[in-house]
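Residue-level structural notes
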Amino acid sequence: MKPDVATQPGGQSLSRRVYSLTQRHRHWFFIGPALLILLTVVIYPIVFSTGVSLFRVTFASTSRPFVGLQNFERMLGNDDFLQSAYNTLYYVVFSVSGSFLLGFGAALLIRRISRGRNILRLVLIIPITMAPIVVGLMWNWMLDPLFGLINWFLGLLGIPGQTLLAQASTARLMVVLVDIWQWYPLVFLIIEAGMATLPRAPYESARLEGVSSWMIFRRITLPLLRPVILVALLLRTVDAFRTFDIVRVMTDGGPALTTETLSLYLYRTAFTFNKLSRAAAGSILMLLVIGLISAMMFRFLYKDIEVG
Amino acid sequence: MVVPVRERALSYAILTAMAVLVLIPVLAGSLTAFKPQIIWISSPPVWFFEPTLENFEFVLITRQNWLHLRNSLIISIGSVVIALVLGVPAAYGFARFRFRGSKGLMQWLISLRMIPPIVVGLPFYAMFLFLERATGLGLRDTHFGLILTYQTFLLPLVIWMMRGYFVELPAAMEESAMVEGYTRIGALRRVVLPVVWPGIVATALLNFIFAWNEFFLALILAGNNTSTLPMAAGTYVVRARVEWGNLFAVNLIIMMPVIVLTIFLRQQLVKGLTFGILE
Amino acid sequence: MKVVLKELVKDFKSTDTVAVNRINLEIDQGELAVLLGPSGCGKTTTLRMIAGLEQPDSGRIYIAERDITDLAPKDRRVAMVFQNFSMYPTMNVYDNIAFPLHAIKMDRKEIDRTVREVARLVNIDQLLERGLRQVSGGEAQRVALARAMVRRPEVFLMDEPLSNLDAKLRVQLRTEIKRLHQDTGTTFIFVTHDQEEAMTLGDKIIVMNRGDIQQVGTPHEVFFTPRNAFVANFVGTPSMNMLPGSLRIEESGRLFVVLPGFELELPRRFAAGLRMMTSHHVIWGIRPEAIKLVPAIGDNCVPGLVELVEALGSRDLMFVRVHDQLFGVIVDALDSVPVGETCSLHFDGAHMHLFDADSELSLLLDEKANGA
């Protein structure tokens, strides 16, 4: 064949070169706008926050001296910060484990029944869909020392009215219990959805081979559910770590900071005490910790499932 | 699976107990919203009474919570629309094109689910403030400001959920239309969108729920003009005034649309709550 | 229309498509060309580049002398039928067929006439009002065919359109595609991994492997004169018996191939090809159909033990062990030897194949077979 002009790069018309170029980069056309917005609303604030944490910035004053890591040092040396960090850890440990055990149990139980399964599932879903602030307010009423249903029940049993949310010894536990009440259905929903996708064959063959129920659960169900379990734990952990709404309306951190969470403490630092930079430093620390925790859980997760 | 009768009876008993524990506070609380003021705080509780709507009338009109309702609607619907407009094409892009870093970007989107709201809320407040001081451009206490902020959690969710719907469709569907005389955009509009439409609706409704229930970012960024329903509910915390009936009227206004939507969305709920990681 | 591919390259870096290495190909006007190869050989990538669904990294594509490399799929005047997609689920059969016509803004009457005509051609004129759920898999694939035909494309592209159908339907639709090709006289390019499908359909078969064209030829040519060991092995079921061996030349000029355990004399026609050899190592092959059962041991005969017999209907496929090597042999069912008995196999030199062990190229200096 004779040499063709069109095979030479210079022989291509402009419109053809433009077409070729847009073909090669067409994915940016679809993804670009969303990515741009996410960079503005996520990355930029984090960068901004990091910057602010290195200076002394308040909402009122215009002078902003550079102070290096001083804000971080002050934060880590602050008793209230440490107290709220301890409280947050308490929430994470008890709310996650409590909701996980209850949710997993409920999922196992619902597999054993057939009639009424849908209606039970629907009822159990209700708490997840409620705004956390609504849940908190609702339980305020339930736990009210004078008019609450709980104290009315206790009264029927001859126990006098308790100020469960006002006592340092019980407030934290109450808040955790309410958090569990709202979120164990989430674990239930995730685990149950995971169980519904389990293959039947291993169970049928194991049963025919006379393997005990406990062994089937340990050797077949648990390993197959591993990714599902990890997702449930991951979501519960990050949510418990940032608990704010429920505490804000139930105890607002009190009594005596016994229920103060990190989110609440940082909110107060910034907006009540006007220490913007210190709050920024605290939020960066919080981000680092949650990043570390979820990165570890993600590594386990990606061993099991293909994402993206 | 064959389940022994006793095991099944026990399962029913425990699950019913769980359901009752869920329903008691929700129903008993909601009941209060319909009680006349004199029996709000009666103990033992009054179970039988003439239901009234005066609490709703009081909070919506006298307390002007209809403004919060309006704000909630504007912000929730607006942020869902923006998230769909940006997120649906992005989801399509991630579902159909493999390019360097596409997998990493998708994982990054999941990691956004882990960010505590204070981490974005705080700098947003400062940024809006500084922006206003520097340029006079006010995003503070505007619906648009909140709609923009809500994209931090809505947009990644829309992308992940919608990507799942697109992946299920064969790419040959729009390719066929492209060979048959349409541009990619034309093929998407005429062939793909009609098929994924139910998925888009489900995604929109779920995201609406998340925006509707949001409290923290609104608390930081909303002001008199933009304060939402959850914030209105928050104002009833003040313990000195025990307005239980009014409080539950607001609570019910927040809960009702969500519960109705949930009944239709049960299938999609898991997908949304888990970010579609489990597929 | 004539389709020409020149130096076409598709890398797989950063995409998940299969690579294509610098291929050149001409498909003549009105030809039914089949791209045949195992999965991952680049046949579908090649077809998708012709359709415009993949952008080649370099090289040009021409249809009827027109350079279409940088044209959008919609402007290429081609039609395509896919493996895993047949009907738009939100439209009924009629709207499916009319869909490509709406793109060119044809008026309603004309659309109606064309849709009904084409539907009749592929025997779905009774189903026009039905939706995807109300038609069978075969009918849905006919809708795809109709949609492809309706714009009178210059080239039909078919990407394994029959693979998702059951065996009986596949054979039936295959015949109809062949008839369609004869009726329209249009150029067809058909991709398949099924060599039987390729044989029955193709005027020209292009065998591909690992992104390269292995051989271009008629069904007879790729079957009887495979250009290299890959084609010999891939084309034909059951596949060709192939063994590694070495060559021995006697002073008299007689040529032998030394195989594990035995030795066979080669006909003279291989002598010319020896010049191409870099060593004396070869791959020797013979098709199961070409091996004959003989009553007594003679020249180019070896005894063997029958290990397994598969019934194919009128014929049997016997697996015969000869010196640790298992040979597939196809015989008339009436001549079959029971399992466990011995028989003697005759290898006819006229049907033997010989390939260089290094280059895997055929040693038959047949210009036609090697000329691709």
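Residues numbered from 1 in each chain as written. Chains lettered and ligands numbered in written order. Predicted model: local features only at pLDDT ≥ 70, side-chain atom pairs only at ≥ 80, totals over all residues. Heavy atoms only, no water.

1. Some remarks on the overall build of chain A
Stated formally: Secondary structure elements are taken from DSSP: a helix is a run of H or I of four residues or more, a strand is a run of E of two residues or more, and numbering for both begins at the N terminus. Per-residue accessibility, obtained with a 1.4 Å probe over protein chains only, is compared with the maximum for each type, and a residue is labelled buried under 20%, exposed over 50%, and partly exposed between these values. The contact criterion used throughout is that any non-hydrogen atoms of two residues lie within 4.5 Å. Only the protein chains shown count as cover for residues, and the accessible areas themselves come from Shrake-Rupley with a 1.4 Å probe. Counted as positive: Lys and Arg. Counted as negative: Asp and Glu, with His and the chain ends omitted from the count. Charge placement uses NZ in Lys and CZ in Arg. For Asp and Glu, CG and CD serve respectively.
A tally of helices and strands in chain A yields 13 helices and zero strands. Overall, chain A shows an N-to-C arrangement of helices and strands of α-α-α-α-α-α-α-α-α-α-α-α-α. Dimensions along the principal axes, computed over C-alpha positions, put chain A at roughly 105 × 75 × 30 Å. Looking at chain A residue by residue over its 308 residues, the buried ones come to 54%. Sequence separation of at least 24 residues holds for 68% of the intrachain contacts in chain A that already meet a minimum separation of 6. Surface accessibility of chain A: about 14,300 Å² in total, with carbon and sulfur atoms responsible for 67%. Charge-centre separation for chain A: the mean point of 27 positive side chains lies 8 Å from the mean point of 15 negative side chains.

2. So, the overall build of chain C
When helices and strands are counted, chain C shows nine helices and 20 strands. Dimensions of chain C along its principal axes, counting C-alpha atoms only, are 80 × 45 × 35 Å. The proportion of buried residues among the 372 residues of chain C is 54%. For chain C, contacts bridging at least 24 residues in sequence account for 65% of all contacts bridging at least 6.

3. Let's talk about the domain arrangement of chain A
Residue and element names in this part refer to chain A. For clarity, the cut-off: These domain limits were set by an automatic method or by a database of domain assignments. Buried surface area refers to the total accessible area, computed with a probe of radius 1.4 Å, that the two partners give up upon joining, counted for both partners together. In the sections that follow, a salt bridge refers to a side-chain nitrogen of Lys or Arg positioned within 4 Å of a carboxyl oxygen of Asp or Glu.
Parsing chain A into structural domains produces domain 1 (5-53) and domain 2 (70-304). Of the residues lining the interface, five residues belong to domain 1; the matching set on domain 2 comes to nine residues. Here domain 1 packs against domain 2, burying approximately 500 Å² in sum over the two surfaces, 66% of which is carbon and sulfur. Counting the surface domain 1 buries against domain 2, the share from its top three residues, Ser-49, Val-52 and Ser-53, is 78%. Inspection of the region where domain 1 meets domain 2 yields zero salt bridges.

4. Details of helix α7 (residues 172-179) of chain B
Buried residues dominate α7(B), accounting for eight of its eight residues. For α7(B), the complete set of buried residues consists of B:Ala172, B:Met173, B:Glu174, B:Glu175, B:Ser176, B:Ala177, B:Met178 and B:Val179. Where α7(B) is buried, its residues meet α3 (65-96) and α8 (184-213) of chain B together with α1 (43-51), β6 (78-81), α2 (93-103) and α4 (137-149) of chain C. Positioned one or two residues after α7(B), B:Gly181 has a phi angle of 115°, which is positive.

5. A word on the side chain of A:Arg236
Residues and elements named next belong to chain A. Relative to the helices and strands, Arg-236 is located in helix α10 (residues 213-241). By relative accessible area, which is 1% here, Arg-236 ends up buried. Setting aside its immediate chain neighbours within four residues, Arg-236 contacts Ser-95, Val-96, Ser-99, Asp-179, Trp-183, Leu-186 and Val-187.

6. Thoughts on the interface of chain B and chain A
Note: interface size is frequently given as the accessible area lost on complex formation between the parts. Listed by partner, the interface residues are 99 residues for chain B and 98 residues for chain A. In total, about 8,800 Å² of surface goes out of reach between chain B and chain A, with carbon and sulfur atoms giving 80% of it. Considering only the side of chain B, the residues that lose the most area to chain A are B:Leu15, B:Met114 and B:Leu122, jointly responsible for 7% of the buried surface there. At the surface where chain B touches chain A, the tally comes to two salt bridges. A salt bridge links A:Asp239 to B:Arg113, with the shortest nitrogen-to-oxygen separation between them at 3.1 Å.

7. Regarding the pattern of salt bridges
Two side chains that carry opposite charge are able to pair once their charged atoms sit near each other. The tally for this structure, following the rule as stated, stands at 35 salt bridges over all chains. A salt bridge links A:Arg121 to A:Glu192; its shortest N-O distance comes to 2.7 Å. In this pair, A:Arg121 is assigned in helix α5 (residues 117-129) and A:Glu192 in helix α8 (residues 168-196), connecting sequence segments 71 residues apart. Classification of A:Arg121 by relative accessible area gives buried; the value is 12%. Here C:Arg22 and C:Glu7 are joined by a salt bridge, their closest N and O atoms 3.1 Å apart. On the criterion of sequence distance, the pair formed by C:Arg22 in strand β2 (residues 20-27) and C:Glu7 in strand β1 (residues 3-10) is long-range, its members being 15 residues apart. Taking relative accessible area as the criterion, C:Glu7 reaches 35% and is therefore assigned partly exposed. Residues participating in the shared-partner salt-bridge network are A:Arg248, A:Asp252, A:Glu260 and A:Arg268.

8. Focus: the packing of helix α4 (residues 102-111) of chain B against helix α6 (residues 143-168) of chain B
Residue and element names in this part refer to chain B. So the rule is basically this: Each axis is a line fitted through C-alpha atoms, and for a helix only the stretch in contact is used; angles between axes span 0 to 180 degrees, taken between their N-to-C directions. Angle categories are assigned with fixed cut-offs, so that under 35 degrees is roughly parallel, over 145 is roughly antiparallel, 65 to 115 is roughly perpendicular, and the rest are oblique. By the definition used in this description, the sense in which the near helix is turned from the far one sets the handedness, with an anticlockwise turn below a right angle giving left-handed and a clockwise turn giving right-handed. Residues are sorted three ways: Asp, Glu, Lys and Arg are charged, Ala, Val, Leu, Ile, Met, Phe, Trp, Tyr, Cys and Pro are nonpolar, and all the rest, Gly among them, are polar.
Interaxial distance between α4 and α6 falls to 9 Å at its minimum, and their mutual angle equals 125°. Judged on the interaxial angle alone, α6 and α4 are oblique. Handedness of the crossing formed by α4 with α6: left-handed. In this structure, α4 contributes Met-106, Leu-109 and Ile-110 to the contact, and α6 contributes Pro-156, Ile-159, Trp-160 and Arg-163. Looking at the contact of α4 with α6 residue by residue, the class counts come to six nonpolar, no polar and one charged.

9. Comments concerning the pairing of strand β3 (residues 32-36) of chain C
Residues and elements named next belong to chain C. For the record, the criterion: Strand pairing is defined by DSSP finding a minimum of two bridges between the two strands.
A large share of β3 lies buried, amounting to five of its five residues. Side chains of β3 alternate between two faces, with Leu-32, Val-34 and Leu-36 and Ala-33 and Leu-35 buried alike. Relative to strand β8 (residues 187-192), β3 is paired through five bridges, and the arrangement is parallel. Among the inter-strand pairings, Leu-36 is bridged to a residue of β8, identified as Thr-192.

10. Describing the confidence of the model for chain C
Residue and element names in this part refer to chain C. Our working rule: Scored from 0 to 100, pLDDT reflects the predictor's confidence in each residue.
The predicted model of chain C has a mean per-residue pLDDT of 88, with 97% of residues at 70 or higher. Counting interchain partners and residues more than four positions distant, the pLDDT-below-50 stretch residues 367-372 has eight contacts. ipTM for the predicted complex: 0.89, alongside a pTM of 0.85.

11. What to know about the environment of B:Pro194
Along the chain, B:Pro194 falls in helix α8. Setting aside its immediate chain neighbours within four residues, B:Pro194 contacts B:Leu188, B:Arg189 and C:Thr90.

12. Looking at the sheet that holds strand β5 (residues 66-67) of chain C
Sheets are built from strands paired through backbone hydrogen bonds, the pairs being either parallel or antiparallel. Residues and elements named next belong to chain C. An order of β2-β1-β4-β5 is seen for the four strands of this open sheet, with the pairing classed as antiparallel. In this open sheet, the two edge strands, each paired with only one partner strand, are β2 and β5. Pairing between β1 and strand β4 (residues 58-63): five bridges, direction antiparallel. Looking at the pairing, Val-9 lines up with Ser-58 of β4. Contacting β1, β2 and β4, α1 runs over the sheet at an angle of about 115° to β1.

13. So, the confidence of the model for chain A
Residue and element names in this part refer to chain A. The predicted model of chain A averages 85 in pLDDT, with 93% of residues at 70 or higher. Model confidence for chain A, summarised as mean pLDDT per element, is weakest for helix α1 (residues 14-24) at 72 and strongest for helix α4 (residues 79-110) at 94. With pLDDT under 50 throughout, residues 1-11 is counted as low confidence; its partners more than four residues away or in other chains account for 11 contacts.

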